[in-house]
Amino acid sequence: MKHDVKVRTAECSCGQVSLICKGEPIRTAICHCFACQKRTGSVFGVQARFSREQVSYTGDVVEYSRIADSGNQVNYAFCPACGTTVMLTLSALPEFTVIPVGLFTSRDLPQPSFSVYEQHKQAWVKFDCQIEQIS
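Residues numbered from 1 in each chain as written. Predicted model: local features only at pLDDT ≥ 70, side-chain atom pairs only at ≥ 80, totals over all residues. Heavy atoms only, no water.

A. Broad picture of the overall build of the chain. The helix and strand tally for the chain stands at one helix and 11 strands. Here the C-alpha atoms of the chain give a radius of gyration of 15 Å, agreeing with the 14 Å that 2.2 N^0.38 yields for 135 residues. In terms of its C-alpha atoms, the chain occupies a principal-axis envelope of roughly 40 × 40 × 30 Å. Counting every position in the chain, which comprises 135 residues, the buried fraction comes to 40%. For the chain, long-range pairs separated by at least 24 residues make up 52% of all intrachain contacts whose partners lie at least 6 apart in sequence. In the form shown here, the chain has an accessible surface area of approximately 7,900 Å², with 52% of it arising from carbon and sulfur atoms. Taken together, the 13 basic and 12 acidic charged side chains of the chain have centroids lying 2 Å from each other. (Helix = DSSP H or I, 4+ residues; strand = E, 2+ residues; numbered from the N terminus. Rg over C-alpha atoms; globule rule 2.2 N^0.38 Å. Buried < 20%, exposed > 50% of the residue type's maximum accessible area, 1.4 Å probe, protein only. Contact = heavy atoms within 4.5 Å. Areas by Shrake-Rupley, 256 points an atom, 1.4 Å probe, with all protein chains shown as cover. Lys, Arg positive; Asp, Glu negative; His and termini not counted. Charge placed at Lys NZ, Arg CZ, Asp CG, Glu CD.)

B. Just the pattern of salt bridges, in detail. If you walk through the whole model with that rule in mind, you get three salt bridges. Salt-bridge contacts for K6 lead to D108; the nearest nitrogen and oxygen are separated by 2.7 Å. With K6 in the segment before β1 (7-11) and D108 in the loop between β9 (93-100) and β10 (114-116), this residue pair connects regions lying 102 residues apart in the sequence. Residue D108 pairs with R8 through a salt bridge whose shortest N-O separation is 2.9 Å. (Salt bridge = Lys/Arg side-chain N within 4 Å of Asp/Glu carboxyl O.)

C. Broad picture of the side chain of T89. Inspection of the secondary structure assignment puts T89 in strand β8 (residues 85-90). Note on T89: relative accessible area 18%, which makes it buried. Residue contacts for T89: discarding those within four places in its chain leaves R52, Q73, V74, N75, F96 and T97.

D. Quick peek at the environment of T105. Along the chain, the position of T105 falls in the loop between β9 and β10. Aside from chain neighbours lying at most four places away, what touches T105 is T9 and A10. A polar contact is formed between the side chain of T105 and the side chain of T9, at a distance of 2.7 Å. (Polar contact = N/O pair within 3.5 Å; in protein donor to acceptor, adjacent residues only side chain to side chain.)

E. A look at the packing of aromatic side chains. Enumeration according to the criterion identifies two aromatic pairs in this entry. Seen in terms of ring centroids, F50 and F104 are 6.1 Å apart; in terms of plane orientation they differ by 40 degrees. Their pairing is tilted. One end of the pair, F50, is in strand β4 (residues 45-51); the other, F104, is in the loop between β9 and β10, with 54 residues separating them in the sequence. Classification of F50 by relative accessible area gives buried; the value is 0%. Among the residues examined, F104 registers a relative accessible area of 1% and is labelled buried. Above the ring of F96, the side-chain terminus of R49 is found at 5.3 Å from the ring centroid. (Phe/Tyr/Trp six-rings, centres within 6.5 Å; stacked < 30°, edge-to-face > 60°. Lys NZ or Arg CZ within 6 Å of the ring centre and 35° of its normal.)

Below you can see the structure in the form of structure tokens.
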């Protein structure tokens, strides 16, 4: 029996950049690092990691790179019209593309399996589900 591959779409705020992700993400995670807080304008970021082959996109993007706490390079791709971060790639893991969960048009991604940079988590942030905590 042939199984259909799940296809999810994601897009920036203005719709100029759209992404297609085929199959299930390798994982979803919550990040409390200061860079994710600044990137999202919120108190944490939630991302889905896919293998690079699973993701395609249309539209123009602008890139920004920074050096992470780990010493590795993080590359952000964002929409030049509305500024939405649409993808992240990590120099240490070039085979993966990371997509912010809020961009997906469907709400059926797996629950995050872990939370990183807990030392930067706002004290009032609590989750009512079981998530592995990694500092």
